[in-house]
Amino acid sequence: MFKRTKVHAGVLAALGGASLVGAMPAFAQQTDATPQAEQRVEITGSLIKRIDAETSLPVQVIARDQIEKLGVTTVEELLTTLTVNSAVGANTTAEGSGASTYGESNASLRGLGANKTLVLVNGRRLANYATDGTAVDINSIPLASVERVEILKDGASGVYGSDAVAGVINFILRKNFKGLEVTGYAGGTKDGGGGAFKGALTYGKGDFDSDRYNLLLSLDWAKDQAIYGSQRASYAGSAWDNVNGMFDESATPSGALRTFNPAPSPSNALLNQGSGLGNPLSPNNCTQNGSSYDPNIGTCRFNASPYVPLLPQVERQNVAGDLRVNLGNDQELYIEGFYSHTKTTVSEQPSPYSVSFFATDQAFATKNIYPAIILSPSSPYYPTAYLADTAAAGKPVTVSYRAFDGGGRVHVDDSDQVHFVTGLQGSLKGNDYDLSYVHNSSKVSESTLQGYQSMTALASLLSNNNQFNPFVQYQTPALAAQIYGTNYAGNMITSTLTTDAVEGKISGVLVKLPAGDLNYALGGALRDENMNFQPSSAFQIGDISGYGGQALPLQTSRHSSSIYGELEAPIIKSLEADLSVRRDQYPNATSTNPKLSLRFQPLKQVLLRASAGSGFREPSLPELYNPQTIGTSATFTDPVTGVKNQFTVLSGGNPNLQPEKSNQSSFGVVLEPINAVSLGIDYFNIKVKNLVTTLDPQFIVDQAAAGNPAYTGLVTRDPLQNITQIVATNLNAGSVETSGVDIDLKWRALKSESLGAFDVLLNGTYTSKFTETLPDGTVQPSVGATVDANGNPLNAVAAGGIIFRWRHDLALNWSKGDYELGLTQHFQTGYDDNIPDGDNPSTVPAHVGAFSTWDIQGAYKGVKNLVVRAGIKNMFDRKPPLAVTLGQYFQAGYDPTYYDPHGMAFYASATYKFW
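Please read these numbers as outputs of a predicted model, since none were measured by experiment.

Could you give me a rundown of the overall build of the chain, with the residues and numbers involved?
Counting its regular elements, the chain contains 13 helices and 50 strands. Seen through its principal axes, the chain has C-alpha atoms that stretch 95 × 60 × 50 Å. Here the chain holds 915 residues, and 61% of them are scored as buried. With an accessible surface of roughly 33600 Å², the chain has 56% of that area assigned to carbon and sulfur atoms. Each charge class in the chain was averaged separately, 65 positive and 82 negative side chains, and the resulting centres sit 6 Å apart.

See the structure below:
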């Protein structure tokens, strides 16, 4: 085996971190049982093994003890503490409520998107999530097995490949562990719900040197309980703001009437959806049908918020293993991997029905059923007096309905992730080599349990049915049983995505130069990718309520290959250059991308670094080949008709997409003026052209209404100007550019035998620019805003999240003997939100102020082999700021992408090592 070096003293030893790269040293495969002898290690961002962590690229490292101090139970929770990570361009667990994310959660460095953020385990790729195909589900990574996380904040396409445009997150799993370790975790919240429970078992046997092997097995289980809007009524219990009219995400009630204008056949019935006639129960009798009066719109609306899961119930099981066999002569056989199973249960409000929801269902035309619930004048519940003075008097009308008798919607997502690697590594004639086979698979299935009706069956049952009363919450027992009988309970989708790869790399000293060794690395990979997305037959025709339209099968595959190389060249003793180049080949595209970085250390206390390079991302299989289907938009107001609703949207893949191209550059300085202080400041700039994206339906409608010719053809209307379809398929839409500064400060403020040690750690990101250029040339600055000065939605953040001007985590840590205590602040600056949503909304965006929370945590290590931790998150019980948002969430009144609805939460954990 290689010998390991002792790392820097001073700040590095004192803080457990910050060498002159502004990060903890990346101890490659070092773990609990590995002695700190000398060994060259491979650092994220380079293929060349080095003596220490001092590279020319900024790498942030979160060690195992830091993870434990945070009291997190999932990788998503951990990555929310990274100021370089964003909800923009990613899915979060909270967003799974009411959206077809299938339990997926992603990371998005710099807000550039999960598809441009490369997630690795032990330096190797995982399978992208099977239903998405563009990014890794980070919660499939077994957190209990993670030794540390290395975050490369600089785009590294020259080394790692096409989807590392925004940077790399590398999870290093535990290795070379000996003994038996058990961990238990329990947590709860002040306001109820959101309980968290976790157990982990780690077993290791064998000494790699003396026994010539080491085997490690890790098992863990976790359960996170749901939190509902009714449990957070002070900020999430109402879908509209009665006081100021700041937001209104109210939902469809029963009993809203529209004129009935029959078309020649069901296939084109919704070309004329009729005109709104209001609700006969408004304003005083709304509670009769389970709704409430909404003064913002002046009619009955259903308040969905109490039923909305702010966070769903999630259960996780993971097993991870690592086997190292010492073959002698510096040769090693290894087998490593993990299996992860996640079950997400989402329980929501009953399904709503109106003519716009029926519009997405192709089965109406197939079955020759009119796509509406029709109330006949012969019905005993026909509102004759209410319609007396209207043109609809004595005529059939259509009516909205919320199916309480069908039960609340409940569905379950099951996902399985497999990561398997086997290979040989070692040293051969002074060169290090690694040959491996890598298999990854992701399998996701979603099944409905209750509350999802067949829309054709329900419309057939209730139309012209004189037993149906749309003005009450519950029907007669006989009709209620029939309504429940229209539920679809069964599988909706099963999707698998697998990748198989053969990889090899070699590195060593090419030649010795006067200033040092000229090191090299060469590598290559062959990769197969296969995706098989299979929706149920009911989903394929779009006949199941709540799914927003149809989904069609997709079965596709592709082969790709890559070769790459790297040179580390010492120019003079204090100046080092690193040049890497990578060539990726896909069936439809080939690209070669170089990267140059420089490291200059004129003084022991000063390090200067800079880099520049290009990147390339080939669109994913779903982005290219997903069938185009009909769905529904988020709720917004059509500026032409003034109707607030969800509208029909055509979405899907585009086989003519071009690859994204990027250019990245960075410059940084790291200062250690004294042993107790380390300060890193790094400037970054990333430009992405041929941006693969979709345009926000509300933005398309607003621009088309304003007469912008680039968008007018994307909106179709009926003779009454009602929207019948919005085209929002994938496209190459202009470009995006972001720049800013990362700051990393570590200060050993005090070290005293009597008072203990006191550390101050600050990690922050200042984003000076985040600009998206749209297809028509419109430039949208998107830092600190969801809308522009005129209230138009910004496309970069239309799907969720905020590009904050400044975010930081500030940690104050104290330790003495067997005791530790830590205090952490999470801070973000304010931003301009969507305009208020009242009767006379202002055209001035609403401003959301700066926001911060504080966590406290302590540990006791006074009992041999036992570590006990306890803490409080959001210790001052800060409620979220009032947020309007763009209507893309089922949650209303706050932004779920940055506020944790656990609120004040308590937790405790204990870890005991038996031997």
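From this point, the narrative continues.
An account of unusual backbone geometry is requested, with residue identities and associated values reported.
Of all residues except glycine, most have a negative phi; of all peptide bonds, most are trans. Between Ser282 and the following residue, Pro283, the backbone shows a cis peptide bond with an omega angle of -5°. Its location among the elements puts Pro283 in the loop between β13 (276–278) and β14 (292–294). A positive phi angle, close to 55°, is found at Asn176, a residue other than glycine. By the secondary structure assignment, Asn176 is in the loop between β7 (167–173) and β8 (179–189).

Can you explain the sheet that holds strand β31 (residues 629–632)? Please cite residues and give values.
Read across the sheet, four strands follow the order β31-β34-β39-β38 without closing on themselves; strand pairing throughout is mixed. Since the sheet does not close on itself, it has two edges, and those belong to β31 and β38 (715–717), each with one partner. Each strand axis lies, on average, 25° off the axis of its neighbour in the sheet, ignoring direction. Bridging between strand β34 (residues 648–651) and strand β39 (residues 723–727) involves two bridges; their strand directions are parallel. Across the sheet, the residue bridging to Val649 is Ile726, located in β39.

Before we move on, can you summarise the packing of helix α8 (residues 455–462) against helix α9 (residues 477–484) with the specific residues and values?
For the pair α8 and α9, the least separation of the axes is 10 Å and the interaxial angle reads 155°. Taken as axis vectors, α8 and α9 run roughly antiparallel relative to one another. With respect to the hand of their crossing, α8 and α9 are arranged in right-handed fashion. Where α8 abuts α9, its residues Leu458, Leu461 and Leu462 lie against Leu479, Gln482 and Ile483. For the contact of α8 with α9, the residue count by class is five nonpolar, one polar and no charged.

Describe the pairing of strand β23 (residues 410–428), naming the residues involved and giving the relevant values.
Here strand β18 (residues 331–347) runs beside β23; their pairing, made up of 17 bridges, is antiparallel. Bridged to Glu336 within β23 is Val421. Taken together, β23 and the strand that follows it, strand β24 (residues 431–450), pair antiparallel across an intervening segment of two residues, in which Lys429 is found at a positive phi of about 55°.

Now, about the side chain of Glu772: what can you tell me, with residues and values included?
Along the chain, Glu772 falls in strand β42 (residues 756–773). As a buried residue without a salt bridge, Glu772 has its nearest oppositely charged side chain in Lys116, at a separation of 9.2 Å. Within polar-contact distance, the side chain of Glu772 engages the backbone nitrogen of Ala796 at 3.3 Å. When near neighbours in sequence (up to four residues on either side) are disregarded, Glu772 contacts Leu691, Thr693, Ser735, Val736, Thr778, Val779, Gln780, Asn795 and Ala796.

With reference to specific residues and values, describe the packing of aromatic side chains.
Two aromatic rings, taken as a pair, are described by how far apart their centres are and by the angle between their planes. Under the counting rule described, the total for this entry stands at 23 aromatic pairs. With a centroid separation of 6.1 Å and an interplanar angle of 85°, the aromatic rings of Tyr831 and Tyr898 are classed as edge-to-face. Taken together, the residues Tyr831 in strand β46 (residues 831–832) and Tyr898 in the loop between β49 (866–873) and β50 (905–913) connect sequence positions 67 residues apart. Every member of this aromatic cluster is reached through a ring pair, and the members are Tyr235, Phe851, Tyr894 and Tyr899. Here Arg110 stacks its cationic end above the ring of Phe684, 3.6 Å away from the centre of that ring. Directly above the aromatic system of Tyr907 lies the positively charged group of Lys873, at a separation of 5.5 Å from the ring centroid.

I'd love a proper account of the sheet that holds strand β20 (residues 374–375), names of residues and values included.
If you trace the four strands from one edge of the open sheet to the other, you get β13-β12-β21-β20, paired in antiparallel fashion. Unpaired on one side and paired on the other, β13 and β20 mark the two borders of the sheet. In terms of strand pairing, strand β12 (residues 257–259) meets β13 through two bridges, oriented antiparallel. Bridge pairing in β13 links Arg258 to Gly276.

Report on the side chain of Thr202, specifying residues and quantitative values.
On the secondary structure map, Thr202 appears in strand β9 (residues 196–205). Ignoring anything within four residues of it in the chain, the contact list for Thr202 reads Arg174, Phe177, Gly179, Leu180, Glu181, Leu216, Leu217 and Ser218.

Now, about the pairing of strand β44 (residues 806–816): what can you tell me, with residues and values included?
Alignment of β42 against β44, held across 10 bridges, turns out to be antiparallel. Bridging from a neighbouring strand, Asp759 pairs with Asn813 of β44. Pairing of β44 with strand β45 (residues 819–828), which is carried by 10 bridges, proceeds in the antiparallel orientation. Along β45, the bridge assignment pairs Trp814 with Leu821. Turn length for the β44-β45 hairpin, with the two strands adjacent in sequence and antiparallel, is two residues, and the turn residue Gly817 shows positive phi of about 60°.

Tell me about a nonpolar patch on the surface, residues and numbers included.
A cluster of nonpolar side chains, contributed by Leu510, Val511, Leu513, Leu567, Ile571, Ile572, Leu579, Leu596 and Leu598, occupies part of the molecular surface with about 720 Å² of accessible area. As for its position among the elements, Leu567 is in strand β27 (residues 554–572). Given a relative accessible area of 33%, Leu567 falls into the partly exposed group.

How would you explain empty space enclosed by the protein if you had to name every residue and give the values?
Taken as a whole and judged by the stated rule, the model has 11 cavities of 30 Å³ or more. Taken as a whole, the second largest cavity encloses approximately 450 Å³ of empty space. Considering the residues around the second largest cavity, the lining is formed by 33 residues, among which Arg125, Asn128, Asp163, Glu529 and Tyr586 are closest to the centre. Broken down by secondary-structure element, the contributors of at least two residues to the lining of the second largest cavity are β4 (117–121), β24, β25 (490–513), β26 (516–535), β27 and β28 (575–585). For the lining of the second largest cavity, the leading source of residues is β25, giving five residues. Taken together, the residues of the lining of the second largest cavity sort by class into 10 nonpolar, 12 polar and 11 charged.

Outline α8, listing residues and values.
Burial analysis of α8 places six of its eight residues in the buried class, the great majority of the element. Residues Met455, Thr456, Leu458, Ala459, Leu461 and Leu462 constitute the buried set of α8. Looking at the buried side of α8, the elements it contacts are β19 (352–353), α6 (355–358), α7 (363–367), β20, β22 (401–402) and α9. Of the residues trailing α8, Asn464 is marked for its positive phi of about 55°.

Can you explain the pattern of salt bridges? Please cite residues and give values.
Under the defined criterion, the tally for this structure stands at 33 salt bridges. With a closest N to O distance of 3.2 Å, Arg124 and Asp434 form a salt bridge. Of this pair, Arg124 sits in strand β5 (residues 124–125) while Asp434 sits in strand β24; the two residues are 310 residues apart in sequence, bridging distant segments of the chain. You'll find Arg124 and Asp434 in the same group, each marked buried. Its salt-bridge partner being Glu150, residue Arg148 comes within 2.9 Å of it at the nearest N-O pair. Residue class for Arg148 comes out buried when judged on its relative accessible area of 5%. Taken together, the shared-partner salt bridges connect Arg64, Glu68, Glu147, Arg174, Glu181, Glu820, Lys861 and Arg869 into one network.

Residue-level account of helix α12 (residues 697–705), with values.
Judged by how many residues are buried, α12 sits mostly within the fold: eight of nine residues are covered. Those residues of α12 that sit buried are Pro697, Gln698, Phe699, Ile700, Val701, Asp702, Gln703 and Ala704. Buried-residue contacts for α12 involve β32 (636–637), β34, α13 (709–712), β38, β39 and β43 (779–781). Immediately beyond the C-terminal end of α12, within one or two residues, lies Gly707, with a positive phi of roughly 90°.

Parameters at a glance
Residues numbered from 1 in each chain as written. Predicted model: local features only at pLDDT ≥ 70, side-chain atom pairs only at ≥ 80, totals over all residues. Heavy atoms only, no water. Helix = DSSP H or I, 4+ residues; strand = E, 2+ residues; numbered from the N terminus. Buried < 20%, exposed > 50% of the residue type's maximum accessible area, 1.4 Å probe, protein only. Areas by Shrake-Rupley, 256 points an atom, 1.4 Å probe, with all protein chains shown as cover. Lys, Arg positive; Asp, Glu negative; His and termini not counted. Charge placed at Lys NZ, Arg CZ, Asp CG, Glu CD. Pairing = 2+ DSSP bridges. Axes fitted to C-alpha atoms, helices over the stretch in contact; angles between N-to-C directions. Parallel < 35°, antiparallel > 145°, perpendicular 65-115°, else oblique. Left-handed = near helix turned anticlockwise from the far one by under 90°. Contact = heavy atoms within 4.5 Å. Nonpolar A, V, L, I, M, F, W, Y, C, P; charged D, E, K, R; others polar. Salt bridge = Lys/Arg side-chain N within 4 Å of Asp/Glu carboxyl O. Polar contact = N/O pair within 3.5 Å; in protein donor to acceptor, adjacent residues only side chain to side chain. Phe/Tyr/Trp six-rings, centres within 6.5 Å; stacked < 30°, edge-to-face > 60°. Lys NZ or Arg CZ within 6 Å of the ring centre and 35° of its normal. Patch = residues over 30% accessible without salt bridge, like charges linked within 9 Å, V, L, I, M, F, W, Y side chains within 5 Å. 1 Å grid on protein atoms, 1.4 Å probe; cavity = no way out; pocket = protein on both sides within 12 Å on 5 of 7 lines; lining within 4 Å. Points joined across faces, edges and corners; volume = space filled by probe spheres on them.

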